[in-house]
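Notes for the structure review
Below, each chain spelled out in residue letters.
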Amino acid sequence: MTAGRRVPRSATLVAGCVLAGLVLAVAVVSFFWLPFPPDDTSGDRLMPPGLPHLIGTDKLGRDLLTQLMIGARVALEAGAGSVLIGAVVGLAAGLAAGFATRWLDDTVSALLDILIAFPTVLLAMLVTAARDASLGSAVIAIGLAMSAIVARLTRVLVKRVLAQDFITASRTSGTSWPRIVVEHVLPNIWPTLSVNLALQFGLAVLAEASLSYLGLGAPPPNASWGRMLQEAQASVFIAPAGVIAPGVLIVVLVVGVNLIADGVRDVADPTRRRTR
Amino acid sequence: MTLLTVAGLHVRGPEGRDLVSDVSFTLGAGERLGLIGESGSGKSMTALAITGLTPPGLTVSGSVVFDTPGLDRGLDRIEVVGAGERRLTSLRGRLTSTVFQEPLTALDPLMRVGRQVAEPLRRRRGLRGRALHAAVTAALEEVRLADPERIARAYPHEISGGQRQRVAIAMALACDPALLIADEPTTALDVTVQADVLTLLDGLVEERGMALLFISHDLAVVSRIAERVIVLKDGVAVESGSVGEVVNAPRHPYTRELVGSARRLDGALDSAIDGAIDGRTP
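Residues numbered from 1 in each chain as written. Chains lettered and ligands numbered in written order. Predicted model: local features only at pLDDT ≥ 70, side-chain atom pairs only at ≥ 80, totals over all residues.

Structural notes on the overall build of chain A
Where we set the bar: Numbering of helices and strands starts at the N terminus; helices are DSSP runs of H or I of at least 4 residues and strands are runs of E of at least 2. Here a residue counts as buried when 20 or more other C-beta atoms sit within 10 Å of its C-beta, as exposed when there are 12 or fewer, and as partly exposed otherwise, the C-beta atoms being derived from the backbone. By definition, residue pairs are in contact when their C-beta atoms, positioned from the backbone, come within 7 Å.
Helix and strand counts for chain A stand at ten helices and zero strands. Order of helices (α) and strands (β) in chain A, N terminus to C terminus: α-α-α-α-α-α-α-α-α-α. If one aligns the C-alpha atoms of chain A with their principal axes, the spans along those axes are about 75 × 50 × 30 Å. The 276 residues of chain A split such that 44% are buried. Counting contacts in chain A only where the partners sit at least 6 residues apart, residues at least 24 apart contribute 71% of the total.

What to know about the nonpolar core
In plain terms, the rule: Structurally, a nonpolar core is described as a collection of buried Ala, Val, Leu, Ile, Met, Phe, Trp, Tyr and Cys residues joined by way of C-beta atoms within 7 Å.
Counting 76 residues, the largest nonpolar core has Val-117, Ala-170 and Leu-213 of chain B as the members making the most contacts within it. Per-element tally for this core: the top contributor is helix 7 (residues 161-174) of chain B, with eight residues. Beyond its immediate chain neighbours, meaning those up to four positions away, Leu-213 of chain B contacts Leu-27, Leu-33, Leu-35, Ala-47, Leu-179 and Ile-181 of chain B. Listed in part, the 69 residues of the second largest apolar core include Ile-85, Ala-93, Ala-223 and Ala-241 of chain A.

A word on the UniProt feature "transmembrane region" (unreviewed entry) in chain A
Residues and elements named next belong to chain A. Where we set the bar: UniProt positions are given in the numbering used here, feature names are shortened, and annotations may be inferred rather than shown by experiment.
The residues that UniProt annotates with the feature "transmembrane region" (unreviewed entry) are residues 12-34, 78-99, 111-129, 135-154, 197-216 and 236-264. Across residues 78-99, helical content stands at 100% and strand content at 0%; the span's end C-alpha atoms are separated by 31 Å. A helix fraction of 83% and a strand fraction of 0% characterise residues 236-264, whose end C-alpha atoms lie 38 Å from each other.

A look at the interface of chain A and chain B
The following threshold applies: Side-chain classes are defined by residue name, with Ala, Val, Leu, Ile, Met, Phe, Trp, Tyr, Cys and Pro counting as nonpolar, Asp, Glu, Lys and Arg as charged, and the others, Gly among them, as polar.
In this complex, chain A contributes 18 residues to the contact, which on the side of chain B involves 30 residues. A per-element tally of the side of chain A that touches chain B places helix 6 (residues 165-172) of chain A first, with six residues. Along the lines of polarity and charge, the residues of the side of chain A that touches chain B split into six nonpolar, ten polar and two charged.

Re the pairing of strand 7 (residues 179-183) of chain B
Residue and element names in this part refer to chain B. Under the convention used in this document: Pairing between strands is defined by DSSP: at least two bridges between the two strands are required. Handedness of a crossover is defined as follows: orient the strands so they point away from the viewer, and if the path from the first strand over the helix to the second runs clockwise, the crossover is right-handed.
The buried fraction of strand 7 amounts to five of the five residues, a majority that puts the element mostly inside the structure. Alternating positions in strand 7 separate into two faces, Leu-179, Ile-181 and Asp-183 on one and Leu-180 and Ala-182 on the other, with burial throughout. Pairing geometry for strand 6 (residues 96-99) and strand 7, over four bridges, is parallel. Looking across to strand 7, one finds that Thr-98 is bridged to Ile-181. Looking at chain direction, strand 7 and strand 8 (residues 211-216) are connected through five bridges and run parallel. Following the sheet pairing, Asp-183 is matched in strand 8 by Ile-215. Read as a crossover between parallel neighbours, the route from strand 7 over helix 8 (residues 191-208) to strand 8 is right-handed.

Here's what the structure looks like:
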């Protein structure tokens, strides 16, 4: 077993990257080119797939493909934004709790349990009430809810790493705490944490779709897949494409991200590579 | 010259029970002291107290003083008990470093071996880049590891137990401490590898004139490497003296038991060998 710089191959990682990459490509293209302007209602209402509207139109005569492409952008922004907030806030709180004395640790843990028990939708409504109904509000709400979960996981992982001999060994040779965190603690919690963050990305996409469905997400004309579902709900039997298309895209993105999470686990942890 | 003076060392657990009680000894520069006792006798706790690394919740009292002229800005005597964490961190590695029992858990599983050895070299000797790389290779060669370049690139799980312990020794020596603490360094190894690692440790400590605190439950191993020995039982030092005195004329019942069982094992081995020579079934 040589320790070269091989990039380990993982079928799940490749499959996940293809699915999520598809959505990413669509989102990138949407910045440069759209089949129709997003607020163009010149088409007939509820047209079936065909030309010039490839997937059809919604009840206002807007092009569905255009909306789906913008929706991809919104979904990725929601996922990335929430994970960024969740990772930064959660990691900081989790590290603090992991290193804290008993008393502080218990307090932080109790707060985290309360935050986790709090429904994301309720949190989103509160944030929306305090700010406005926008993608930003949704992302903040989802990110905060996520940070509690990330913090709790980080806390446990940190405690487990700190109990290991190599931390003591490192301290006996005079390594300072900040250096131990950067060199030993973070790399050792990263394999588990990164998998969790990838899963959280998928959950954030779903959460944003749910919030938009409830009208708590990005306002029109910024199409979100969740709001497209809600708008097409009444006409599902007349024009099923309006429901099927955003539904399928949500599944593609979430499944793709989950496959990436699985693949990352195999790649991020060198002690697991040997079994491949 | 005295390097370390431990006087009236107590380590008290959270329930008020003494894990180590009233242990006192001195250790000269370059001297080798064995600390022997069964598991739970307070051997490792004594070692942790010397480095100021007792787990939170335990209270340490007594005094642990290092006499190291010129090591720390003209300050000759360094008291470890009660010293601040920041100050201890800057002293650890220079005063002491430790080789632990289980080399698999004492090495970071996710860091290549070379980087782990490089860390103390970088900090202590201020080496960077190519010079650091050369120093890592030299450090691995010094512990008689064949193919140090390959070992440096490996993760701990990719090398054998004996190789891992050699890496751990290289890491501890890279700090260039005045006192090396070896906490059961051969217990987790095969018997044949044990002998090699002992010989290696013996030679390296000799070469560098380091003091050695060797902790073990194995009387045979300790008597091979140490000059003096302290026997711990339930946190109390029940006997101390030169290895010859303790092995030949044990005074405390526990020590007698220890010597006796070591003899019995030896005797069993001898009779098995005799039996084989005589052609009888052993």
